[in-house]
Amino acid sequence: MLEQINQPIEVVTIFKLNQAVPWKFLWQGREYPIKKINLTYSSWEGRTKIYYFAVSDSTNYFKLQFNTDNLKWTLLESYVD
């Protein structure tokens with residue numbers, strides 16, 4: 001089931017090869033390790049570049065957003081079977 005979340009989250013990020021790669025995130029007191037990055041893309045909102053990451057753990061899928069202006073992460077969506 002797809003659920004719109006739109007909540008701020010904390011993300012452990014690894015920087016490698018000039019890229020920010022989300023490693024795991026904390027949402028509602030639970031830690032979610034990211035097992036796979038399924039898709040990455042970016043867009044512009046005015047002068048702010050926004051990065052999107054479609055990620056999954058062992059059983060769930062999530063859409064994360066990183067705002068380069070305020071350096072904040074947001075959990076946009078979750079999909080659970």
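All values reported here derive from a predicted model rather than from experimental measurement.

Novice: For this particular structure, what's the right way to read the overall build of the chain?
Specialist: Helices and strands together make up the secondary structure of the chain, namely zero helices and seven strands. By the compact-globule yardstick of 12 Å for 81 residues, the chain fits well, its C-alpha radius of gyration being 12 Å. In terms of its C-alpha atoms, the chain occupies a principal-axis envelope of roughly 35 × 25 × 25 Å. Taken over 81 residues, the chain has a buried fraction of 33%. Counting only contacts in the chain whose residues sit at least 6 apart along the sequence, the fraction spanning at least 24 positions is 28%. By element, 51% of the accessible surface of the chain is carried by carbon and sulfur atoms, the whole surface being about 5,700 Å². Side chains of the chain carry 9 positive and 8 negative charges; the gap between the two charge centres is 8 Å.

Novice: Explain the packing of aromatic side chains here, please?
Specialist: Think of a pair of aromatic rings as described by two things: how far the centres are apart, and how the planes are tilted against each other in angle. One pass over the full model with this rule turns up eight aromatic pairs. Between tyrosine 41 and tyrosine 52, the aromatic rings sit 4.8 Å apart at their centres with planes inclined by 15°, giving stacked as the arrangement. A residue pair is termed long-range when its members are at least 10 positions apart, and tyrosine 41 in strand E4 (residues 36-45) and tyrosine 52 in strand E5 (residues 48-56) qualify at 11 residues. Of the residues examined, tyrosine 52 reaches a relative accessible area of 10% and is grouped as buried. Through successive ring pairs, a cluster of aromatic residues spans Phe25, Trp27, Tyr32 and Phe62.

Novice: What's the story with the layout of surface pockets in this structure? I'm lost.
Specialist: The gaps left among the atoms become clear once a water-sized probe is rolled over them. There is about 180 Å³ of room inside the largest pocket. If you go around the largest pocket, the residues you meet are Asn18, Gln19, Ala20, Val21, Pro22, Ile37, Thr40, Tyr51, Phe53 and Phe66. The set of elements that each furnish at least two residues to the lining of the largest pocket consists of strand E2 (19-27), E4 and E5. It is E2 that contributes the most residues to the lining of the largest pocket, four residues altogether. Classifying every residue of the lining of the largest pocket gives seven nonpolar, three polar and no charged.

Novice: I'm lost on the environment of valine 80 in this one. Help?
Specialist: Note that valine 80 resides in strand E7 (residues 72-80). Assessed through its relative accessible area of 38%, valine 80 is described here as partly exposed. Distance in space between the C-alpha atoms of valine 80 and phenylalanine 66 is 22 Å, their sequence separation being 14 residues. In this structure, valine 80 is in contact with Met1 and Asn60, ignoring residues within four places of it in sequence.

Novice: Hey, could you run me through the sheet that holds E7 in this one?
Specialist: Strands in a sheet are paired, the pairing made by backbone hydrogen bonds, and the direction either parallel or antiparallel. Taken together, the seven strands give an open sheet; going across it, the order is E3-E2-E1-E7-E6-E5-E4, and neighbouring strands pair in antiparallel fashion. Of all strands in the sheet, those bounded by a partner on one side alone are strand E3 (30-33) and E4. When strand polarity is set aside, the average angle formed by the axes of neighbouring strands in this sheet is 30°. Looking at chain direction, strand E6 (residues 60-67) and E7 are connected through eight bridges and run antiparallel.

Cut-offs and rules
- Residues numbered from 1 in each chain as written.
- Predicted model: local features only at pLDDT ≥ 70, side-chain atom pairs only at ≥ 80, totals over all residues.
- Heavy atoms only, no water.
- Helix = DSSP H or I, 4+ residues; strand = E, 2+ residues; numbered from the N terminus.
- Rg over C-alpha atoms; globule rule 2.2 N^0.38 Å.
- Buried < 20%, exposed > 50% of the residue type's maximum accessible area, 1.4 Å probe, protein only.
- Contact = heavy atoms within 4.5 Å.
- Areas by Shrake-Rupley, 256 points an atom, 1.4 Å probe, with all protein chains shown as cover.
- Lys, Arg positive; Asp, Glu negative; His and termini not counted.
- Charge placed at Lys NZ, Arg CZ, Asp CG, Glu CD.
- Phe/Tyr/Trp six-rings, centres within 6.5 Å; stacked < 30°, edge-to-face > 60°.
- 1 Å grid on protein atoms, 1.4 Å probe; cavity = no way out; pocket = protein on both sides within 12 Å on 5 of 7 lines; lining within 4 Å.
- Points joined across faces, edges and corners; volume = space filled by probe spheres on them.
- Nonpolar A, V, L, I, M, F, W, Y, C, P; charged D, E, K, R; others polar.
- Pairing = 2+ DSSP bridges.
- Axes fitted to C-alpha atoms, helices over the stretch in contact; angles between N-to-C directions.

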